[in-house]
Amino acid sequence: MPDRITKVQRWLDLIAYLVGRRLPVSVEELMERIPGYARDWVEGDERTRASVRRKFERDKDELRAFGIPLETVRYRVGALQEEVEGYRIQRKDFYLPYLRLLGRTQPALASVVFQEPVQVHPDEAFSAVEGLRALSRVPAFPLAAAARSALRKITFDLDPEAVGQAPVVFAVSPESRRAAEYTRILADAIQRRKRAFFTYHGIRRGTPTSRRVQPWGLLFQHSHWYLVAWDEDREAERVFRVDRMEGLRIHEQEPHTPDFPPGPENVMARYRDRKPWELGDADEAVTARVHFSFPTSLWAERNGFGRLVEDLGEGGTVREFLVRQVDPFLRWVLSLAGDAEILSPTALREAFFTMARQVASLYPETAGGQEHD
Amino acid sequence: MTRPGPAGVGPKAKPSIAGQQLERILYILPAASRDGGIALKRLAKDLDVTEDTLLNDLAQVLSRSFYHPADTGSEIQVAVERGRVSVFTTGEFRRPACLSLEEALCLAIALRQRRVEGRGRMPFLQGNRVGDDGGDPGPVDLLSRLEGALVRPEAYSALEKLELQDLRPDPLGVRETLAQCIAARYKVTLTYLKPESQSSPESRRVRPYALAHAEGRWYLLAHCEKARAVRVFRLDRVLAAVPSHRRFRRPRDFQPEEHLRGGRIYVVGEVCHVRVWYSPKIAPWIVEREEGQLDFDGGVTVHWRVVDPGWLVRHVLQYGPEAEVLSPPEAREWVKDTLKKILEAEGRPWPPPRERDRPQGAGIPTTGKEG
């Protein structure tokens, strides 16, 4: 007999005991029957028994935190119908339902199926499998390990070869390596609504600043991770690039008590499908009209840039944009290298040509095309 | 009756060592209880641990037999032979555990990313299916059925707080179509808009090998039948992708990772070495990306290996006056020619008067009001 029964062994015993029972089990029975408790419970004094009971409570909480569906159940026993408290793990809740791929020959179901199988169409299976596979590869994704284990479980019944594989690779930039540790911490803080503190190296300011924020959500855009949060000192919503944070720490006092109320509903939806020039205060928005020449007009249409307002024939189009941040918009139009032209408003059009002239002044005409130092 | 509460939906701090071991064991036991067991190497790869770790996990299970009274149930026998693990159990653990909350959240995110909304329609290679709204019904069915069976309601509250914009469905469903063609090994005809091209989009028949994501963009790595070589296609320039039912074989030695370097897509071609200067205003941002060092004036000079002149022009212009090509002269001409085109089309004077000081622009692209 080993000198010590490990925690994992105790957990396995507890799970196996409860899953194998149709009826709830009282705590006394668990104390007497689970070897990890029984040794001390049966032979111990009152103090020892209290300690064993506390051990069970901790095990129960930890297993529930892992997602083990360990239920506390009140039920009646005996002739007097005395109400007692017990525990159970129902097989149908504990085990993964069997996934049956339609249109494929699969082995006969084993005798271990406890729920109705879930019928899965091959392209549905493909969506789930490839979606999880891609998710597990997103750089610095805080749930990458969970995505991989979900993939393992989904493909337990579904043969990956039968489902099909479409390789997806993600470029890992130096910034995403730096973000990897912090995204997980922030994701946890967001879920528990715990305040976060960090030093931020914002590009605009140049000098680092200390921040105290209420984290609301994480955004993965343009291959970077961003934290959307309420800055408590500035009393405003802010977006922080995660790889520009330093010294991140979470308020850990009363870890199960949120530090702040829930943020606005659907706050992350404000950032969905938004271009850099679309973010900002609605009051400051400008409606811009831009002419796209062919074939860039096809590209603008394909990617849903702005809203089509006029087809000019010969392939050119005019599209309308709601611009809340002028500078990124001007630079985006400039980067289209002459295939797009701002038509209105006049002020925006002039601002664009001012910027173009500023850039052009860096490339003056010189005799013979000299190198610039 | 009290159902177990969410206990903190969403990611937590890293699970304890005991917790990680329990998760592994709850997977190992059912995987190894199937006929023939499972190779230790395969298990180690699946679980991303060493074989020694697995053997340690199995030892935890094995040594239970020393202290288990015979009538406690759940007899588990483990055999490790010739690199394979087999488990015999008359009781529990012959199926994997249901999805945890985090796993369920991942599945919900993965399924919702696949939905093609609005005009998007994903042609299914196994047979066209169209939903009532004209959209792709597969993920809708999936959302209601697989989610209903596998995803706990508590997971949905966390969905609102994680926005993976870069993984959102392609408006035209092109990416999803290509993914299916890659999996099925079907050739595809692309309608492709070449950068810098003033002519109509061209048709290219390709053998799609893999998808890649870099710098916020999606790319297709495919063998182009016209070029007779692997080419990289930016998906935002693919106007349409029509699958054929003609199959191909992907070369076994094709490694999609070889097309990524330093966080970017790596394109083969004739190289021009270009020096670009970035102003102090944006240099810190450039330095963190390129892992370079600031110059004495606070700016930074980066040496680029440029294959596509058009890329260089677009790259430099996106920074407005905060970036300047220093050399070689022909690279400066690329930028100047573009600016001439922009200014002269409007009858603006050229050359513009040279300004004394390097101009300081307003800023850099952001994703909202940056802190």
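Structure's up top.
A few points on the structure. Keep in mind that what you see is a predicted model, and the values were worked out from it rather than measured.

The partner chain B presents 167 residues to the 151 residues of chain A that form the contact. Taken together, both faces of the contact between chain A and chain B bury some 14400 Å²; the carbon and sulfur share is 59%. Summed over the shared surface of chain A and chain B, the result is 43 residue pairs in polar contact (both at pLDDT 80 or more). The pairing of strand β6 (residues 168–170) of chain A with strand β6 (residues 202–214) of chain B spans three bridges and is classified as parallel. Residue V169(A) lies in a different strand from β6(B), and its bridge partner there is A212(B).

On to the sheet that holds strand β13 (residues 300–306) of chain B. Residue and element names in this part refer to chain B. On the basis of which strands lie adjacent, the open sheet formed by three strands has the order β13-β12-β14 and antiparallel pairing. Unpaired on one side and paired on the other, β13 and β14 (323–327) mark the two borders of the sheet. The average undirected angle you get between the axes of adjacent strands in this sheet is 35 degrees. Strand direction decides the pairing type here: strand β12 (residues 272–278) and β13, joined by seven bridges, are antiparallel. Directly across from V274, in β13, lies its bridge partner W304. Of the strands in this sheet, β12 and β13 touch helix α9 (residues 283–290), which is tilted by about 50 degrees from β13. Seen against the sheet, helix α11 (residues 329–344) touches β12, β13 and β14 and runs at an angle of roughly 145 degrees to β14.

Before going further, it helps to spend a moment on the sheet that holds strand β1 (residues 25–26) of chain A. Residue and element names in this part refer to chain A. Strand order in the open sheet formed by three strands is β1-β3-β2, and the pairing between neighbours is antiparallel. Edge positions in the open sheet fall to β1 and β2 (71–77), since each of these has one partner strand only. Inspection of the sheet shows β2 paired to strand β3 (residues 82–88) by seven bridges, in the antiparallel sense. What sits directly across from E71, in β3, is R88. Its contacts with the sheet place helix α4 (residues 46–65) against β2 and β3, and it is angled at close to 55 degrees to β3.

Calculation notes
Residues numbered from 1 in each chain as written. Chains lettered and ligands numbered in written order. Predicted model: local features only at pLDDT ≥ 70, side-chain atom pairs only at ≥ 80, totals over all residues. Heavy atoms only, no water. Contact = heavy atoms within 4.5 Å. Buried area = accessible area lost by both parts, 1.4 Å probe. Polar contact = N/O pair within 3.5 Å; in protein donor to acceptor, adjacent residues only side chain to side chain. Pairing = 2+ DSSP bridges. Helix = DSSP H or I, 4+ residues; strand = E, 2+ residues; numbered from the N terminus. Axes fitted to C-alpha atoms, helices over the stretch in contact; angles between N-to-C directions.

Just distances and angles here, no functional claims.
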